[in-house]
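Understanding the architecture of this molecule
Listed below are the residues making up each chain.
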Amino acid sequence: MPLETFEYDSAKFLGSEEAIAEYLLAASEDGDANHIARALGVVARARGMSDLSRNTGLTRPALYRALSGEGNPEFGTIAKVADALGYRLKLVLKSDGASATAAK
C-alpha cells in the first residue's frame, strides 16, 4: 500500500493572532528578506488574500508574486503589506554587537 501524503500549508495552523505574531517573529529572526516575504504571504493567505488586496491597493496576482519568497518585492510593498496586516517593521541592534563595532 503506497504512502499517502498531503501538501503542508502553514496558513492552516495560524488560527490566532498569537500564533501569527510568533510565526512572523520566528520568520524574521535571521533577517532573510525571502523568509519575511514568504511568512507575510502565509499570514495573508490565513487571513484572506482578497482583503489584503483591497487594503493595500495591490492586485492579488501581484501580492502572490511579491509574497512567494521567490520574487524580489520592493521594500515599500513589504512595509505596506505588514501595515495592512497590523504589523510594523522594526530594526533592532544585533545582540552580538558585531555590527556596532564594525561601524566605528
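Residues numbered from 1 in each chain as written. Predicted model: local features only at pLDDT ≥ 70, side-chain atom pairs only at ≥ 80, totals over all residues. Heavy atoms only, no water.

This brings us to the overall build of the chain. Summing up its helical and strand segments, the chain has six helices and zero strands in all. With the principal axes as the frame, the chain shows a C-alpha extent of 60 × 40 × 25 Å. The buried share of the chain, taken over its 104 residues, is 25%. A separation threshold of at least 6 residues defines the contact pool for the chain, and within that pool the share at least 24 residues apart is 50%. Split by element, the accessible area of the chain, about 7,600 Å² in all, is 54% carbon and sulfur. A gap of 6 Å separates the mean positions of the 12 positive and 14 negative side-chain charges of the chain. (Helix = DSSP H or I, 4+ residues; strand = E, 2+ residues; numbered from the N terminus. Buried < 20%, exposed > 50% of the residue type's maximum accessible area, 1.4 Å probe, protein only. Contact = heavy atoms within 4.5 Å. Areas by Shrake-Rupley, 256 points an atom, 1.4 Å probe, with all protein chains shown as cover. Lys, Arg positive; Asp, Glu negative; His and termini not counted. Charge placed at Lys NZ, Arg CZ, Asp CG, Glu CD.)

Per the UniProt annotation, the sites labelled "domain: HTH cro/C1-type" (unreviewed entry) are residues 49-92. Spanning residues 49-92, this segment combines 57% helix with 0% strand, and its end C-alpha atoms are found 29 Å apart. (UniProt positions renumbered as here; feature names shortened; annotations may be inferred.)

Moving on, we get to helix H2 (residues 33-47). Note that an α-helix has 3.6 residues per turn; residues three or four places apart therefore point the same way. The first and last C-alpha atoms of H2 sit 21 Å apart over 15 residues, in line with the 21 Å expected at 1.5 Å per residue. For H2, the set of buried residues is Ala37, Ala39, Leu40, Gly41, Val42, Val43 and Ala44. Where the residues of H2 are buried, they touch helix H1 (17-28), helix H3 (49-56), helix H4 (60-66) and helix H5 (75-84). For H2, the side-chain oxygen to backbone nitrogen distance between the N-cap and Asn34 is 2.7 Å, and the N-cap itself is Asp32. In the segment just after H2, Gly48 is the residue with positive phi, at about 120°. (Expected span 1.5 Å × (residues − 1). Polar contact = N/O pair within 3.5 Å; in protein donor to acceptor, adjacent residues only side chain to side chain.)

This part is about the nonpolar core. Residues Leu40, Leu52, Leu67 and Val81 are the most contacted members of the largest nonpolar core, which totals 19 residues. Mapped onto this core, the elements with two or more residues apiece are H1, H2, H3, H4 and H5. With six residues, H2 is the largest single contributor of residues to this core. Those residues in contact with Leu67 that sit more than four places away from it in its chain are Ala37, Arg38, Leu40, Gly41, Ala44, Leu52, Ile78 and Val81. (Core = buried A, V, L, I, M, F, W, Y, C linked by side-chain atoms within 4.5 Å.)

Within a pair of aromatic rings, the relevant descriptors are the distance that separates the centres and the angle that separates the planes. Applying the stated criterion across every chain yields a total of one aromatic pair. Taken together, a centroid distance of 5.4 Å and an interplanar angle of 15° make the contact between Tyr8 and Phe13 stacked. (Phe/Tyr/Trp six-rings, centres within 6.5 Å; stacked < 30°, edge-to-face > 60°.)

Once that is clear, we can look at the layout of surface pockets. By volume, the largest pocket amounts to about 980 Å³. Forming the walls of the largest pocket are 29 residues, and the residues nearest its centre are Leu24, Ser28, Ile36, Leu89 and Lys90. Residue assignment for the lining of the largest pocket shows that the elements contributing at least two residues are H1, H2 and H5. (1 Å grid on protein atoms, 1.4 Å probe; cavity = no way out; pocket = protein on both sides within 12 Å on 5 of 7 lines; lining within 4 Å. Points joined across faces, edges and corners; volume = space filled by probe spheres on them.)

The N-to-C vectors of H2 and H3 enclose an angle of 110°; their axes lie 6 Å apart at closest approach. Considering the angle they form, H2 stands roughly perpendicular to H3. Contacts from Gly41, Ala44, Arg45 and Arg47 of H2 reach H3 at Met49, Asp51 and Leu52. Looking at the contact of H2 with H3 residue by residue, the classes come out as three nonpolar, one polar and three charged. (Axes fitted to C-alpha atoms, helices over the stretch in contact; angles between N-to-C directions. Parallel < 35°, antiparallel > 145°, perpendicular 65-115°, else oblique. Nonpolar A, V, L, I, M, F, W, Y, C, P; charged D, E, K, R; others polar.)

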